[in-house]
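# Observations on the three-dimensional arrangement
Spelled out, the chains give:
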Amino acid sequence: MNTITKNTPSGFNPSVNKSRRRFVQGLASGGVLAGMGLIPNLASTAPSVEVPILEGPTFDLTIDEVSVNFTGRPHRATAINGSIPAPTLRMREGDNITIRVTNNMSVTSSIHWHGLILPTNMDGVPGLSYAGIKPGETYVYQFTAVQNGTFWYHSHSGYQEQTGMYGSIVIESRNAEPVQFDRDYVVLLSDWTDEDPHTVYAKLKKMGDYYNRRERTLFDFTKEVRKMGYEKAKANRQMWNQMRMSDRDISDVTGYTYTFLANGQTPNQGWKGTFRPGEKIRLRFINGSAMTFFDVRISGLKMQVVASDGQYIKPVHGIDEFRIGVAETYDVIVQPQQGGAYPIFAQAIDRSGYAFGSLSSNGQKATVPPMDPAPLLTHMDMGMNMGGMDMGSGDMAGMDHSGHNMAGMGEGGSKARVKIKTGPNIDMLAMDPQVRLDDPGVGLRNNGRRVLTYADIKNLYPTKDKRDPSREIELHLTGNMSRYMWSFNGVPYKDSRPIGLRYGERVRFTLINDTMMNHPIHLHGMWSELETGDDNYLPRKHTIIVQPGAKISYLVTADAKGQWAYHCHLLYHMKGMFRRVIVA
Amino acid sequence: MNKQVIALTLSLLISPLVVADMDHSKHTMPMDKDMGKPSMKMDHSKMSHKPAIPVSDGSLDHDVPLPYKADKMEDDPVLTKVMIEQLEIHDADGDNPVTWEGEAWIGKDLNKLWLKTEGERVNGENEELELQALYSRAIAPYWDLQVGVRKDFKPVGREWGVLGVKGLAPYFFEADAALFVGDNGRTAARVQGEYELLLTQKTILTPEFEVNLYGKNDPEMRIGSGLSDVTVGLRLRHEFKREFAPYIGVEWAKKFGNTADFTRADGGDVSDTQLVAGIKAWF
């Protein structure tokens with residue numbers, strides 16, 4: 001039963017008059033928007049002070065080039081309805097939805113409804129769903145909202161997502177919600193850069209570690225020598241040095257260029273959600289970043305995680321922190337008994353910055369907690385089987401690596417059961433990739449907090465398709481960090497053939513990460529049912545993190561005919577790490 | 001005889017780099033003869049009660065056209081990079097020469113056109129000027145094979161064919177090794193290496209070396225056969241931006257064998273240590 005408080009000054013109230021199309025969600029502004037010459041309606045608009053909320057079933061969206069200022073300097077952006085993030089779209093499960101999208105820009109655009117199950121021509125991927133939305137055109141999306149939950153939408157053209165085209169979708173359940181809450185907030189996390197994304201991509205091609213400003217220094221080594229002695233310190237470095245890999249290669253694009261946003265607000269501005277002590281607050285976390293994984297916690301509050309990628313899961317209680325990959329969503333319930341201001345603290349995975357907001361009962365901003373130390377990749381993240389699978393060995397310093405001889409490293413790669421095109425385009429293969437569902441991931445292991453892992457996630461409702469898969473598709477996530485090339489099985493999208501699925505079949509996808517980075521893999525059009533241990537309650541996800549050096553598998557029922565996109569959701573990886581999936 | 005010496009020297013110099021790399025890539029990227037074929041092998045990490053099912057990469061055996069026309073997703077655009085590796089003034093006796101080493105490329109991920117130049121300028125005159133134009137092809141994860149031509153404008157006009165490898169050796173040693181074949185049976189080899197030692201994220205100490213060898217005497221160039229000269233440098237730079245770093249350093253150079261004899265005959269020093277100051281930049 002949804003027990004939303006009536007007439008609260010903020011937080012969504014479903015009984016609000018439908019004519020009230022704009023809704024105050026936070027207290028203050030996202031980036032200050034102003035038109036760029038040709039867009040007078042925006043030029044005359046006062047600074048946008050809220051993420052607007054639009055209510056369905058019919059929506060009108062426009063795409064414009066605008067000027068935005070997140071950093072003190074105005075910069076060009078692409079925005080939906082003049083707002084970054086784009087308006088939150090509220091729909092009702094079962095409704096027939098109409099969304100008219102008009103492109104006022106001089107280049108082709110598109111909008112993809114991330115996580116929504118809909119016909120392929122409504123999916124918004126240029127080339128696969130349609131030709132895109134040309135300048136001056138209006139495309140009318142029509143589909144039935146067959147699901148409920150927290151989703152999002154974004155451009156699927158060029159780098160428009162990085163430059164501001166992303167927003168939240170909230171679909172109310174047609175039946176009573178299985179969780180109770182008094183307030184309902186979206187917390188949309190994102191990353192903003194003043195640099196042209198083409199420049200970012202070019203810099204990464206020219207210098208893969210361009211944005212990594214916490215590389216190893218001489219003194220890190222001398223520190224290790226003091227700590228563990230020269231021989232051990234040297235042995236510890238040996239594999240990394242021989243492989244020419246850095247254990248600090250966590251994120252490609254970092255806080256060096258990014259400003260991290262929560263609901264379009266910088267940490268300085270600080271988005272605020274109000275509450276009264278004792279209320280249950282539903283927070284719908286969405287990672288709408290181009291490249292940034294966040295580790296999210298609310299200091300002083302335990303979280304109850306109730307949904308993952310918009311799908312209700314068996315509530316996971318007592319969670320202090322969770323990692324949210326690019327494009328994932330998590331719904332959590334918190335219930336602060338004490339008044340005050342609680343920090344919503346979303347550290348970038350490499351600790352190069354954070355997005356920040358507050359839950360506040362007194363109008364005050366919370367205090368920003370100190371960031372955790374920057375993480376170091378371990379041998380396990382390189383796909384080496386560490387025997388005991390000791391998840392606690394985030395600090396590998398104490399381990400003796402002298403036993404690892406390089407000759408033994410080759411064997412794991414031969415475990416690949418599919419052809420991998422090796423060559424200059426691949427800098428490593430995981431030697432012995434393990435399923436690591438209960439591994440919170442680099443930087444979160446043994447941090448003293450209860451961290452959500454995929455092993456915790458079971459669907460609230462029973463698995464619908466109980467068939468065993470009839471076959472398995474194995475894909476390796478491959479790349480060369482220094483050349484900045486990305487691919488599946490060593491083959492970039494442009495050289496690949498589509499993946500074919502027979503309509504109605506049930507298939508296991510096994511992903512093996514042969515790189516040192518987390519990749520969020522997104523299948524359009526169909527659920528990815530993550531094999532988290534209980535086949536009767538497989539959580540249905542649209543985006544799945546594959547940890548470095550790990551493998552993971554999920555089941556897909558090919559119940560949607562057509563051509564679908566399947567890709568890494570890191571924006572600067574996806575052009576290579578991409579496949580078409582054809583269901584016929 | 002000379003050619004044998006050069007060939008031997010080259011193989012000694014280059015092969016450890018490449019072999020080490022290939023060797024290593026063999027360890028990390030083994031190819032299984034059976035790969036590519038769907039197999040019925042069990043994945044033992046999965047629960048064993050699950051029946052074995054065929055495994056493949058899922059690809060169709062034919063392509064299917066895109067249903068709609070759309071902008072291509074270009075993951076491999078043509079890019080250019082210009083690198084001023086060294087542009088520096090030397091604190092030498094009397095005149096203070098300016099020297100440079102620069103590189104530029106245009107191309108895609110695996111195939112590029114490289115230009116390399118180095119030279120020395122004293123009192124507004126080019127004392128040394130060399131230019132290379134190379135086709136560069138990625139042959140291993142960290143290595144490019146570079147083939148092309150080299151033209152020396154100063155001190156003496158010479159033309160060479162170039163065959164080289166450039167890349168990153170294990171332990172993060174940057175290496176560039178090349179064999180030059182010129183007119184009249186002239187041959188030469190050059191090996192350069194450097195290592196970046198980060199003192200902080202922005203302050204970087206770079207030890208580097210260069211070795212030149214020649215197949216035969218070239219009195220006009222004042223160069224003798226065999227090991228000709230070795231230069232060792234140590235430069236400390238501060239990256240105000242990734243793309244721009246001024247530096248100071250010291251460079252020690254020594255001439256050997258017949259080259260040293262030529263130098264001595266000309267009344268020069270066969271060994272010299274100089275302070276340098278300059279900039280490193282790229283865009």
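Residues numbered from 1 in each chain as written. Chains lettered and ligands numbered in written order. Predicted model: local features only at pLDDT ≥ 70, side-chain atom pairs only at ≥ 80, totals over all residues.

## Comments concerning the overall build of chain A
Check the secondary structure of chain A and you find 5 helices and 33 strands. Counting all 584 residues of chain A, 59% fall into the buried class. For chain A, contacts bridging at least 24 residues in sequence account for 77% of all contacts bridging at least 6. (Helix = DSSP H or I, 4+ residues; strand = E, 2+ residues; numbered from the N terminus. Buried ≥ 20, exposed ≤ 12 C-beta atoms within 10 Å, placed from the backbone. Contact = placed C-beta atoms within 7 Å.)

## Let's talk about the overall build of chain B
Counting its secondary structure elements, chain B contains 2 helices and 14 strands. The buried share of chain B, taken over its 283 residues, is 27%. In chain B, of all internal contacts separated by at least 6 residues, the share reaching a separation of at least 24 is 45%.

## Structural notes on the interface of chain A and chain B
Counting residues at the interface gives 67 residues for chain A, matched by 53 residues for chain B. Counting residues per element, the ones that place at least two in the side of chain A that touches chain B are α2 (197–206), α4 (230–243), α5 (410–413), β22 (434–435), β23 (471–480), β25 (499–501) and β33 (578–583) of chain A. At 6 residues, the largest contribution of residues to the side of chain A that touches chain B is made by β23(A). Tallied by class, the residues present in the side of chain A that touches chain B amount to 30 nonpolar, 19 polar and 18 charged. (Nonpolar A, V, L, I, M, F, W, Y, C, P; charged D, E, K, R; others polar.)

## Let's talk about α4(A)
Residue and element names in this part refer to chain A. An ideal rise of 1.5 Å per residue puts 20 Å on 14 residues; α4 measures up with 20 Å between its terminal C-alpha atoms. The sharpest bend along α4 reaches about 35° and sits at Arg237. Asn236, Trp240 and Met243 are the residues of α4 that are buried. (Expected span 1.5 Å × (residues − 1). Bend = angle between axes of the 7 residues up to and from the residue.)

## Description of the sheet that holds β33(A)
All names here are of chain A. Overall, mixed pairing links the 5 strands, which are arranged β25-β33-β32-β27-β30 in an open sheet. Two strands lie at the open edges of the sheet, namely β25 and β30 (543–546), each paired on one side alone. The sheet shows a mean angle of 20° between the axes of neighbouring strands, taken without regard to direction. For β25 and β33, the ladder comprises 3 bridges, and the chain directions are parallel. Within β33, the position partnered with Leu501 by the bridge is Val583. (Pairing = 2+ DSSP bridges. Axes fitted to C-alpha atoms, helices over the stretch in contact; angles between N-to-C directions.)

## A closer look at the environment of Val51(A)
With respect to the secondary-structure elements, Val51(A) resides in the loop between α1 (40–43) and β2 (53–55). Taking the C-alpha atoms as reference points, Val51(A) and Thr88(A), separated by 37 residues in sequence, lie 6.9 Å from one another.

## Quick word on α2(A)
Residues of α2(A) that are buried include every one of Val200(A), Tyr201(A), Lys203(A), Leu204(A) and Lys205(A), and no others. Where α2(A) is buried, its residues meet β11 (183–193) of chain A together with β2 (79–91) of chain B.

## Details of the pairing of strand β14 (residues 281–287) of chain A
All names here are of chain A. In terms of residue burial, β14 counts as a mostly covered element, since 7 of its 7 residues are buried. In terms of strand pairing, β11 meets β14 through 7 bridges, oriented parallel. Counterpart to Val186 in the pairing with β14 is Arg284. Two elements, β14 and strand β19 (residues 329–334), share 6 bridges in a ladder whose sense is antiparallel. Opposite Arg282, over in β19, you have Ile333 as the bridge partner.

## Some words on the packing of helix α3 (residues 218–228) of chain A against α4(A)
Residues and elements named next belong to chain A. Packing of α3 against α4 leaves a shortest axis separation of 7 Å and a crossing angle of 130°. Taken together, the axes of α3 and α4 are oblique relative to one another. With respect to the hand of their crossing, α3 and α4 are arranged in right-handed fashion. Within the contact between the two elements, α3 uses Phe221, Glu224, Val225 and Met228 and α4 uses Tyr230, Lys232, Ala233, Asn236 and Arg237. (Parallel < 35°, antiparallel > 145°, perpendicular 65-115°, else oblique. Left-handed = near helix turned anticlockwise from the far one by under 90°.)

## Focus: the confidence of the model for chain B
Regions with low pLDDT carry predicted coordinates that are not meant to be interpreted in detail. Residues and elements named next belong to chain B. Confidence in the prediction for chain B averages 85 pLDDT; 82% of positions are at 70 or higher. This model gives residues 12–48 a pLDDT under 50, and the stretch forms 61 contacts once residues within four places in sequence are excluded. We note a pTM of 0.88 for the whole complex and an ipTM of 0.85 for its interfaces. (pLDDT = per-residue confidence, 0-100.)

## Some points on the pairing of strand β3 (residues 98–107) of chain B
Residue and element names in this part refer to chain B. Bridge analysis of β2 against β3 gives 10 bridges, and the strand direction is antiparallel. Note on β3: the bridge partner recorded for Thr80 is Ile106. Connecting β2 to the antiparallel partner β3 that follows it, the hairpin turn spans 6 residues, and Gly94 within it adopts a positive phi of roughly 75°. With 10 bridges connecting them, β3 and strand β4 (residues 111–122) associate as antiparallel partners. In the strand pairing of β4, Ile106 is matched with Leu113. Linking β3 back to β4 in an antiparallel pair, the connection comprises 3 residues.

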